[in-house]
Amino acid sequence: PLAITAIILGLIFTAGQAYTTVKIIEVGQMVADSFMVVLTGPDDAMEGAFKGDSAQSKDWWSAGQEPSEAQTTAFVTEATSRFGEFESAMPVDGDDPPFGQASFSIPFKFTFSKGEYDGNVSFQAFTGDGGLPEDGRLLGIVKVTVVDTDGTEVVWEAAKADASEPAGSSGEGSDDTAEKTE
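All of these numbers come straight from a predicted model, not from anything done at the bench. (Residues numbered from 1 in each chain as written. Predicted model: local features only at pLDDT ≥ 70, side-chain atom pairs only at ≥ 80, totals over all residues. Heavy atoms only, no water.)

Novice: Describe the side chain of Ser122, with residues and values.
Specialist: Assignment of secondary structure puts Ser122 in strand S3 (residues 115-125). In this structure Ser122 comes out as buried when scored by relative accessible area, which is 11%. Within the structure, the side chain of Ser122 is placed 2.5 Å from the side chain of Ser105, a separation counted as a polar contact. (Helix = DSSP H or I, 4+ residues; strand = E, 2+ residues; numbered from the N terminus. Buried < 20%, exposed > 50% of the residue type's maximum accessible area, 1.4 Å probe, protein only. Polar contact = N/O pair within 3.5 Å; in protein donor to acceptor, adjacent residues only side chain to side chain.)

So this is what it looks like as structure tokens:
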């Protein structure tokens, strides 16, 4: 009986260690994905928007806060007229995101065919109750701002953030008007 108990306890502890190891790997993957959102997400999202690839342009945004097609088209149209064709977006060296913040912005350097422009990208951590977001990401983009040489900001913003602005302030209508009932 004592030997059988030892074998059973050994199996339980081994299973517990295996489960813990799997969970540690999952957490490590989520942390790595969060770094990728900051390092490559804005570049990939803007590349997708300028190519007209809706899925790629929305993939890096916070779950449920992706810009509408109209918002993306308006951003691309204005950015192209001011800056030319999009080439790249890179975080500015030396500016690390603050740890422990649910939302933060970091400076970016945006390269277009007409030159380099300063700006920033705002990120939001997943703060929902319960499980993880469907895409598994704990961090996503909520706003991209590119600043023209005259100080004008060209903004690509998450749908929920835009909903709080007065109607017509962005020059584009909201895609969710069909959902409203009177």
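On we go from here.
Novice: Run through the sheet that holds S3, naming residues and quoting values.
Specialist: If you trace the five strands from one edge of the open sheet to the other, you get S1-S2-S3-S4-S5, paired in antiparallel fashion. At either margin of the open sheet sits one strand with a lone partner, and together these are strand S1 (86-91) and strand S5 (153-157). In this sheet, neighbouring strand axes are inclined to one another by 25 degrees on average, regardless of whether the strands run parallel or antiparallel. As paired elements, strand S4 (residues 139-147) and S5 share five bridges and run antiparallel to each other. Bridge pairing in S5 places Val146 opposite Val154. Where helix H4 (residues 69-83) meets the sheet, its contacts fall on strand S2 (103-112), S3, S4 and S5, and the angle it forms with S5 comes to roughly 155 degrees. (Pairing = 2+ DSSP bridges. Axes fitted to C-alpha atoms, helices over the stretch in contact; angles between N-to-C directions. Contact = heavy atoms within 4.5 Å.)

Novice: So what's going on with the environment of Ser88? Residues and values would help.
Specialist: Position of Ser88 among the secondary structure elements: in strand S1. For the pair Ser88 and Glu116, spaced 28 residues apart in sequence, the C-alpha to C-alpha distance is 9.3 Å. Leave out the neighbours within four places in its chain, and Ser88 touches Asp43, Lys109, Phe110 and Thr111.

Novice: Talk me through the packing of aromatic side chains; I want residue IDs and the actual numbers.
Specialist: Following the criterion strictly, the structure yields 11 aromatic pairs and no others. Considering the side-chain rings of Trp61 and Trp156, the 5.0 Å spacing of their centres and the 75 degrees angle between planes classify their relative orientation as edge-to-face. Here Trp61 is found in the loop between helix H3 (54-58) and H4, whereas its partner Trp156 is found in strand S5, with 95 residues between them in sequence. Members of the aromatic cluster, each reached through a chain of ring pairs, are Phe50, Trp61, Phe75, Phe83, Phe86, Phe112, Tyr117 and Trp156. (Phe/Tyr/Trp six-rings, centres within 6.5 Å; stacked < 30°, edge-to-face > 60°.)

Novice: Requested: an account of the side chain of Ser57, with residues and values cited.
Specialist: On the secondary structure map, Ser57 appears in helix H3. Look at Ser57 and you get buried, because its relative accessible area is 2%. Sequence-distant contacts of Ser57, that is, excluding residues within four places in its chain, are made with Ala45, Gly48, Ala49 and Trp156.

Novice: Help me get a handle on the confidence of the model for the protein, residues and values and all.
Specialist: When pLDDT is averaged across the protein, the result is 77; 72% of the residues are at 70 or more. Ignoring residues within four places in sequence, the model shows residues 161-182, a span with pLDDT below 50, making 10 contacts including any to other chains. (pLDDT = per-residue confidence, 0-100.)

Novice: Hey, could you go over a nonpolar patch on the surface for me, with residue numbers and the actual values?
Specialist: Among the surface-exposed residues, Ile4, Ile8, Leu9, Ile12 and Phe13 lie close enough to one another that they form a single nonpolar patch of about 510 Å² accessible area. Counting through the fold element by element, Ile12 comes out in helix H1 (residues 2-39). (Patch = residues over 30% accessible without salt bridge, like charges linked within 9 Å, V, L, I, M, F, W, Y side chains within 5 Å. Areas by Shrake-Rupley, 256 points an atom, 1.4 Å probe, with all protein chains shown as cover. Salt bridge = Lys/Arg side-chain N within 4 Å of Asp/Glu carboxyl O.)

Novice: Can you lay out the pattern of salt bridges for me, pointing to particular residues and giving the numbers?
Specialist: A complete count under the given rule lists six salt bridges for this structure. A salt bridge links Glu47 to Lys51; the nearest nitrogen and oxygen atoms lie 3.7 Å apart. In this pair, Glu47 and Lys51 both sit in helix H2 (residues 41-51), four residues apart, roughly one turn of the helix. Assessed through its relative accessible area of 54%, Lys51 is described here as exposed. One salt bridge in this structure joins Asp148 and Arg82, with 2.6 Å as the shortest N-O distance. Here Arg82 lies in helix H4 and Asp148 lies in the loop between S4 and S5, a separation of 66 residues in the sequence.

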